[in-house]
Amino acid sequence: LTDFDKVIEFNPKDPEAYYERAELRERTGDHPGALVDYGEAILLQPTNGYYYFARGNLLVASQPSGVRKPAIQAWRVSQPSLAARSLVRDASEQQT
């Protein structure tokens, strides 16, 4: 975690650093911190669908079962076109 903190301190405009730190925070159980970092990654690169997808997965997984349905609905509408464009862009980049 401290390595990601240093990267972000050196380059606070790097969305991938926030995304990677969010994933680490999520794996270690720091869900509030992960949500903040996913949000920062989205602010810095709003066209990256993977960031929305990861945040949505965390939101759905962290909700008690009784409130998962509204969380899932919010996740599904959270930027589906951005997620689709990101996946298409990544696939086309891999072919070149």
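To start, this report covers the structure provided alongside it. (Residues numbered from 1 in each chain as written. Predicted model: local features only at pLDDT ≥ 70, side-chain atom pairs only at ≥ 80, totals over all residues. Heavy atoms only, no water.)

Topic: the side chain of aspartate 37
Item 1. Following the sequence through the fold, aspartate 37 ends up in helix H3 (residues 31-44).
Item 2. Reaching out from aspartate 37, the side chain makes a polar contact with the side chain of arginine 21 at a distance of 2.7 Å.
Item 3. Apart from residues no more than four positions distant in its own chain, aspartate 37 is found in contact with Tyr18, Arg21, Ala22 and Arg25. (Helix = DSSP H or I, 4+ residues; strand = E, 2+ residues; numbered from the N terminus. Polar contact = N/O pair within 3.5 Å; in protein donor to acceptor, adjacent residues only side chain to side chain. Contact = heavy atoms within 4.5 Å.)

As for the pattern of salt bridges
Item 1. Using the criterion set out here, one finds four salt bridges in the structure.
Item 2. With a closest N to O distance of 2.6 Å, arginine 21 and aspartate 5 form a salt bridge. Linking arginine 21 in helix H2 (residues 15-27) with aspartate 5 in helix H1 (residues 2-10), this pair joins segments that are 16 residues apart in sequence.
Item 3. Overall, the relative accessible area of 29% leaves aspartate 5 in the partly exposed class.
Item 4. Salt bridges sharing common partners tie together Asp5, Arg21, Arg25, Asp30 and Asp37. (Salt bridge = Lys/Arg side-chain N within 4 Å of Asp/Glu carboxyl O. Buried < 20%, exposed > 50% of the residue type's maximum accessible area, 1.4 Å probe, protein only.)

What about the environment of tyrosine 18?
Item 1. For tyrosine 18, the location among the structural elements is in helix H2.
Item 2. We classify tyrosine 18 as buried; its relative accessible area is 9%.
Item 3. Placed 14 residues apart in sequence, tyrosine 18 and phenylalanine 4 show a C-alpha to C-alpha distance of 7.7 Å.
Item 4. The residues contacting tyrosine 18, other than those within four sequence positions of it, are Ile8, Pro12, Asp37, Glu40, Ala41 and Leu44.

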